[in-house]
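So you can see what is in the structure, the chains are spelled out below.
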Amino acid sequence: MTVKWLYYWQPSIGVTMSSQTLSIAIKRIEALHGVKTSRWQITASQFRPNQREPVPLVECARELLGVVFSEVPDKYYFALRQEHMVVEADATMQAIMEKLQVYRNRLTILFEGFQYELGDFHIKAGRAVLAHTENLRGIVLEVDYKPLSSVEQSRRVVQDFMEVWQKGETTGQFVPLDPNFSEFNLPDLYSWQHTALQYVTLMAFVFSQQRT
Amino acid sequence: MLDRCMGARLPGSSHVDALEVLLQGLCGGLRETIKVHEICLKTGPNLGAVASEVHLCCSLSQPEPVWSVRHVGGAMRGAGADQLPALVRPVLEAGISNNSLRFMYSLGYKLDYEMLRTGFSFQLHKTVPIAVTITISVTAVHRLPKIHAVDDPQPVTPGLQMVQVSAPASPDNYSEVVGAISGLAEYLAPLVHLSKPGVPAGIVPTASTAAAALVSRGGITKVL
């Protein structure tokens, strides 16, 4: 599996983010003869402990994060950021968690859009919206350089590509989300667990931006 | 997935060998070795709408441990359920990565008990009257004297093994699946009386004779 790099849109001071930003990004991709291939969707959820009393009497993680990818519908990924843990499970684990009722879904973010092939680059361009609303929370890009599976080598290539690709843009820029794979004991070989960590980190960032 | 099961106790290693011969003939398939470290976890106080229990199973019969989570719901109740010769209950299972125990502890679950199950299983694939895969397992349960010490297990009931017959079903076909399990139970009758879990079945009086005959012949013709 090759390495995916996430970028989030940071508008310039005084500029408001809107869906127009995504349209401009897509036009830039298509101007370089990027070919639209498919839709994509990633659902990221935040869960909180379901405690019967308001005062916590049991030690448990304050926040549980979950991700499912439209490309891998038979798997579900959990992350506990404080505990530095990513867990991969069969999709049935969602049904088990619903039966157990120990954690309740508080918020869900949908990352959705279109995927493009641009030479050796695969780019997902999309928006982050709060589930069941049209409340736009962010514009995101996922960039994947197919010939390389090394994290460090692909990082340099993708960074160079993004620098050139968004040169001249004045309304803002796409900023890389720096993953902290090593803190989570993830293996060196990139996997969907790494991608899950990136998207829950992006979800947490999107929530924090809204609060500020 | 709804799970139907019937169980029985099987005494003596010769009976176990005979049952294996019988199952080999009936099922014709591969014998699967069972060595599962089963960890039962329960929620601590105040967590969850109701207290809940979940089982983490670590299969140790392959070169690398394979982990799964298993949630078993309450058995089907009512007059209709009482008439059935098998127990019907909802079961959910999911494969999970090998950090699952630390994950469940982080979610507030505590160790209730653990055990090691060893033995073997066969699968019987039936197509008539319905397509169903029946699993027959013969296992012994062991306690672990120290936490997670699977290398030093002690049998809970020395000399006794549990025979369990189960099959997945849906709400649409559970009565047919129960029928299929009951039909299989008849083939095992020379050696074991299978009954609903919780209902004593007793030991087949002529089992020893049947076991000796099966083992001495070294196999039987498949009867279906």
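Just so it is clear, the structure is predicted and the values come from calculations on it, not from any experiment.

**Here's the deal with the overall build of chain B**
Here is step 1 of the chain: Within chain B one finds five helices and nine strands.
Here is step 2 of the chain: Each helix and strand of chain B, placed in order from N terminus to C terminus, yields the pattern β-α-β-β-β-α-β-α-β-β-β-β-α-α.
Here is step 3 of the chain: Within chain B, the fraction of its 224 residues that count as buried is 46%.
Here is step 4 of the chain: Just so you have it, chain B exposes about 10800 Å², and 56% of that area is on carbon and sulfur atoms.

**Brief notes about the pairing of strand 8 (residues 136-145) of chain A**
Every regular strand shows the same layout, with side chains that alternate between the two sheet faces.
All names here are of chain A.
Here is step 1 of the chain: Of all the 10 residues making up strand 8, 10 are buried; the element is thus mostly covered by neighbouring parts of the structure.
Here is step 2 of the chain: Bridging between strand 1 (residues 4-11) and strand 8 involves five bridges; their strand directions are antiparallel. What sits directly across from Leu6, in strand 8, is Glu142.
Here is step 3 of the chain: Here strand 7 (residues 121-130) hands over to strand 8 after five residues, with His132 in that stretch at a positive phi of 65°.

**Structural notes on the interface of chain A and chain B**
Here is step 1 of the chain: Residue-level contacts link 35 residues of chain A with 28 residues of chain B.
Here is step 2 of the chain: Approximately 2500 Å² of surface area, both sides summed, lies buried where chain A meets chain B, with 64% of it carried by carbon and sulfur atoms.
Here is step 3 of the chain: Taken together, chain A and chain B are joined by zero salt bridges.
Here is step 4 of the chain: Linking chain A with chain B are four residue pairs in polar contact (both at pLDDT 80 or more).

**A word on the nonpolar core**
Here is step 1 of the chain: Within the largest apolar cluster, 59 residues are counted, with the highest numbers of intra-cluster contacts made by Phe69(A), Phe111(A), Leu141(A), Val143(A), Met162(A), Phe174(A) and Leu202(A).
Here is step 2 of the chain: It is helix 4 (residues 192-211) of chain A that contributes the most residues to this core, nine residues altogether.
Here is step 3 of the chain: Setting aside residues no more than four positions away along its own chain, Leu141(A) makes contact with Trp5(A), Leu6(A), Tyr7(A), Ile123(A), Lys124(A), Ala125(A), Met162(A), Trp165(A) and Phe174(A).
Here is step 4 of the chain: Within the second largest apolar cluster, 33 residues are counted, among which are Phe78(A), Ala89(A), Leu92(B) and Tyr109(B).

**Comments concerning helix 4 (residues 174-188) of chain B**
All names here are of chain B.
Here is step 1 of the chain: Its 15 residues give helix 4 an end-to-end C-alpha distance of 21 Å, which sits within 8% of 21 Å, the value for a rise of 1.5 Å per residue.
Here is step 2 of the chain: By the burial criterion, the buried members of helix 4 are Val177, Val178, Ala180, Ile181, Leu184, Ala185 and Leu188. Here the buried residues of helix 4 occupy an arc of 160° about the axis, which is enough to place them on one side.

Thresholds applied
- Residues numbered from 1 in each chain as written.
- Chains lettered and ligands numbered in written order.
- Predicted model: local features only at pLDDT ≥ 70, side-chain atom pairs only at ≥ 80, totals over all residues.
- Heavy atoms only, no water.
- Helix = DSSP H or I, 4+ residues; strand = E, 2+ residues; numbered from the N terminus.
- Buried < 20%, exposed > 50% of the residue type's maximum accessible area, 1.4 Å probe, protein only.
- Areas by Shrake-Rupley, 256 points an atom, 1.4 Å probe, with all protein chains shown as cover.
- Pairing = 2+ DSSP bridges.
- Contact = heavy atoms within 4.5 Å.
- Buried area = accessible area lost by both parts, 1.4 Å probe.
- Salt bridge = Lys/Arg side-chain N within 4 Å of Asp/Glu carboxyl O.
- Polar contact = N/O pair within 3.5 Å; in protein donor to acceptor, adjacent residues only side chain to side chain.
- Core = buried A, V, L, I, M, F, W, Y, C linked by side-chain atoms within 4.5 Å.
- Expected span 1.5 Å × (residues − 1).
- Arc of directions from axis to C-beta.

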